[in-house]
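Analysis of the macromolecular model
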Amino acid sequence: MPILWRLQANILRYGELKKDIPHITHKMLTSQLRELEEKQLIERTVYAVVPPKVEYKITAKGLKAIPVIEHIMKYGYELIQEAGIEYPPKI
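What this report covers is the structure whose coordinates are included nearby.

This brings us to the packing of aromatic side chains. For any pair of aromatic rings, geometry is given as the distance between the ring centres together with the angle between the planes. In this structure the tally under the stated criterion is one aromatic pair. Measuring from centroid to centroid gives 5.4 Å for Tyr77 and Tyr87, while their planes differ by 40°, and the two rings are tilted. Taken as a pair, Tyr77 in helix H5 (residues 66-82) and Tyr87 in the segment after H5 lie far apart in primary sequence, 10 residues in all. Directly above the ring of Tyr47 sits Lys53, whose terminal nitrogen or CZ lies 5.2 Å from the centroid.

So this is what it looks like as structure tokens:
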């Protein structure tokens, strides 16, 4: 879900995704990107340049998942509010 969420409005490179999802390991990000591509939720474009350039974008099929993600997020925020937890937390 975090990957699809970030790709809904932008085409991003691997490094941009890794930077935007700081707690994900390289292995997990690579695995998730491959799985999302295999399921045709994202599209991977490789450019023949040096150094290699790879971009990821969400597909029409992937965009169909965004309303579901929004619904889950809304429910999560409601649970946080009901529990009296301050969100976002003050650091």
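Here we come to the side chain of Glu55. Assignment of secondary structure puts Glu55 in strand S3 (residues 53-58). Residue classification places Glu55 among the buried positions, given a relative accessible area of 17%. At 3.0 Å, the side chain of Glu55 forms a polar contact with the side chain of Tyr47. Ignoring anything within four residues of it in the chain, the contact list for Glu55 reads Ile11, Leu12, Arg13, Glu43, Arg44, Thr45 and Tyr47.

What follows deals with H5. In an α-helix there are 3.6 residues to a turn, and that puts residues three or four apart on one side. Over its 17 residues, H5 runs 24 Å from end to end, which matches the ideal 24 Å to within 8%, given 1.5 Å per residue. Phi turns positive one or two residues past the end of H5, at Gly84, with a value near 75°.

Mapping Thr59 onto the fold places it in the loop between S3 and helix H4 (60-63). A distance of 3.1 Å separates a polar atom in the side chain of Thr59 from the backbone oxygen of Leu41. Contact partners of Thr59, with chain neighbours within four places excluded, come to Gln40, Leu41, Ile42 and Glu43.

Turning our eyes to something else, we now look at the pattern of salt bridges. A complete count under the given rule lists three salt bridges for this structure. In this structure, the salt-bridge partner of Glu43 is Lys57, at a minimum N-O distance of 3.9 Å. Within this pair, whereas Glu43 is found in strand S2 (residues 42-47), its partner Lys57 is found in strand S3, the two being separated by 14 residues in sequence. Looking at Lys57, the relative accessible area reads 33%, which means it is partly exposed.

A surface patch of nonpolar side chains, about 290 Å² in accessible area, is lined by Met1, Val68 and Ile72. One can find Ile72 in helix H5. The exposure class of Ile72 is partly exposed, given its relative accessible area of 42%.

Our next topic: the nonpolar core. Counting residues in hydrophobic clusters, the biggest one holds 17 residues, and the most contacted among them are Ile3, Leu4, Leu7, Leu17, Leu33, Ile42 and Tyr56. Only helix H1 (2-7), helix H3 (26-38), S3 and H5 provide two or more residues apiece to this core. In contact with Leu7, not counting residues within four places along its chain, are Leu12, Leu17, Ile42, Tyr56, Lys57 and Ile58.

Rules of the game
- All residue numbers refer to position in the chain's written sequence, counted from 1.
- Where local features are concerned, this predicted model is filtered to residues with pLDDT of at least 70; where side-chain atom pairs are given and counted, the filter is 80 or more; whole-chain, interface and lining totals use all residues.
- Side-chain calculation: all heavy atoms of the structure are included, whereas hydrogens and water are not.
- Aromatic contacts are taken between Phe, Tyr and Trp rings whose centres are within 6.5 Å, Trp giving its six-membered ring; a plane angle under 30 degrees counts as stacked, one over 60 as edge-to-face, and the others as tilted.
- The helix count covers DSSP runs of H or I at least four residues long, the strand count covers runs of E at least two residues long, and both are numbered beginning at the N terminus.
- Whether a charge sits over a ring depends on NZ of Lys or CZ of Arg being within 6 Å of the ring centre and within 35 degrees of the ring normal.
- Relative accessible area decides the class of each residue, using a 1.4 Å probe on protein chains only: under 20% of the type maximum gives buried, over 50% gives exposed, and in between gives partly exposed.
- Polar contacts, as used here, are pairs of N or O atoms within 3.5 Å; protein pairs need one atom able to donate a hydrogen and one able to accept it. Residues neighboring in sequence count only if both atoms are side-chain atoms.
- Note on contacts: a residue pair is in contact if any heavy atoms of the two residues lie within 4.5 Å.
- An expected span of 1.5 Å times one less than the residue number is assigned to each helix.
- We define a salt bridge as a side-chain nitrogen of Lys or Arg found within 4 Å of a carboxyl oxygen belonging to Asp or Glu.
- By definition, no residue in a patch forms a salt bridge, and every one has over 30% relative accessible area; like charges are joined within 9 Å, nonpolar side chains (Val, Leu, Ile, Met, Phe, Trp, Tyr) within 5 Å.
- What sets the accessible areas is the Shrake-Rupley method with a 1.4 Å probe; for residues, cover comes only from the shown protein chains.
- Nonpolar cores are built from buried Ala, Val, Leu, Ile, Met, Phe, Trp, Tyr and Cys residues. Side-chain atoms within 4.5 Å join them into one set.

Without other data, these values stay purely geometric and don't point to any function.
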